[in-house]
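# Analysis of the macromolecular model
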Amino acid sequence: VVWSVAVSADGRHALTGTGVGVDHDGNTDNSVRLWSLERGGELVRREGLDARVTALAFVPGTDSFLVGNTGARVYRFRLDRPGPVQELASQESIQ
């Protein structure tokens, strides 16, 4: 299930964030996908996040994007790296 969408400032790409909890096989689909809006199709997928993805944003002028989830966490990702490069906030850091 897609819970969040963000479109790049130039309108060429979109991010989608999903989350279904745990399926009948014990798998989760808490992931982010980068799509080409010009050609169609998925370009990058980041899977295995710890909770449903509910917020997304491109960081202008960079190859980074931000991901927020129902686990009360915000991460910064780079397109050229498989996992998050920085945890920006968590519920624990806010309290």
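Throughout what follows, the structure given in this document is the object of discussion.

About the thresholds
- Every chain is numbered independently, its residues counted from 1 as its sequence is written.
- The predicted nature of this model means local features are confined to residues of pLDDT at least 70 and side-chain atom pairs, given and counted, to a pLDDT of 80 or more, with totals for whole chains, interfaces and linings taken over all residues.
- Think of the side-chain values as coming from all heavy atoms in the structure, minus any hydrogens and water.
- Think of it this way: any DSSP run of H or I at least four residues long counts as a helix, any run of E at least two long counts as a strand, and we number them from the N terminus.
- The accessible surface values rely on the Shrake-Rupley method and a 1.4 Å probe; as for residues, cover is taken only from the protein chains in view.
- The definition of a nonpolar core used throughout is a set of buried Ala, Val, Leu, Ile, Met, Phe, Trp, Tyr and Cys residues joined through side-chain atoms within 4.5 Å.
- Relative accessibility thresholds used throughout: buried, under 20% of the residue-type maximum; exposed, over 50%; partly exposed, between the two (1.4 Å probe, protein chains only).
- Working rule for contacts: check all heavy atoms of both residues, and any pair within 4.5 Å makes them a contact.
- At least two DSSP bridges between two strands are needed for those strands to be called paired.
- Helix axes use the C-alpha atoms of the stretch in contact, all axes being lines fitted to C-alpha atoms, and the angles between their N-to-C directions lie in the range 0 to 180 degrees.

Looking now at the overall build of the protein. Helix and strand counts for the protein come out as one helix and eight strands. Listing every helix and strand of the protein by position from the N terminus yields β-β-β-β-β-β-β-β-α. Accessible area of the protein: about 5600 Å², with a carbon and sulfur share of 51%.

So, about the nonpolar core. Ala 6, Leu 15, Val 32, Leu 34, Val 44, Leu 49, Val 53, Leu 56, Phe 65, Val 67, Tyr 75 and Phe 77 form the largest nonpolar core, which has twelve residues in total. Each residue touching Leu 15, except ones within four places of it in the same chain, is listed here: Ser 4, Val 5, Ala 6, Val 32, Arg 33, Leu 34, Leu 56, Ala 57, Phe 58 and Phe 65.

Below, the discussion takes up unusual backbone geometry. What is expected of a backbone is that most residues other than glycine have negative phi and most peptide bonds are trans. Even without glycine at this site, Ala 72 takes up a positive phi of about 60 degrees. By secondary structure assignment, the location of Ala 72 is in the loop between strand S6 (64–69) and strand S7 (73–78).

We now examine the environment of Val 67. Here Val 67 shows up in strand S6. A relative accessible area of 1% means that Val 67 is categorised as buried. For the pair Val 67 and Ala 57, spaced ten residues apart in sequence, the C-alpha to C-alpha distance is 6.9 Å. Those residues within four positions of Val 67 in sequence are excluded, and the remaining contacts are Val 32, Leu 49, Val 53, Ala 55, Leu 56, Arg 73, Val 74, Tyr 75 and Phe 77.

If you walk across this open sheet you meet the four strands as S1-S2-S3-S4, and the pairing is antiparallel. The strands lining the two open edges of the sheet, one partner per strand, are strand S1 (2–7) and strand S4 (42–46). Strand-to-strand, the axes of this sheet are offset by a mean angle of 20 degrees, without reference to chain direction. Relative to strand S2 (residues 13–18), S1 runs antiparallel, the two being bridged by five bridges. Looking at the pairing, Val 7 lines up with Ala 14 of S2.

This part is about the pairing of S6. Working note: regular strand, side chains alternate between the two faces of the sheet. Along S6, five of the six residues are buried, which leaves the element largely enclosed by surrounding structure. Sheet topology note: the strand S5 (residues 53–58)/S6 ladder contains five bridges and is antiparallel. Paired with Phe 58 across the strands is Phe 65, a residue of S6. Pairing geometry for S6 and S7, over six bridges, is antiparallel. When the bridges of S7 are listed, Asn 69 appears paired with Arg 73. Where S6 folds back onto S7 in an antiparallel hairpin, the turn is made up of three residues, including Ala 72, whose phi is positive at roughly 60 degrees.

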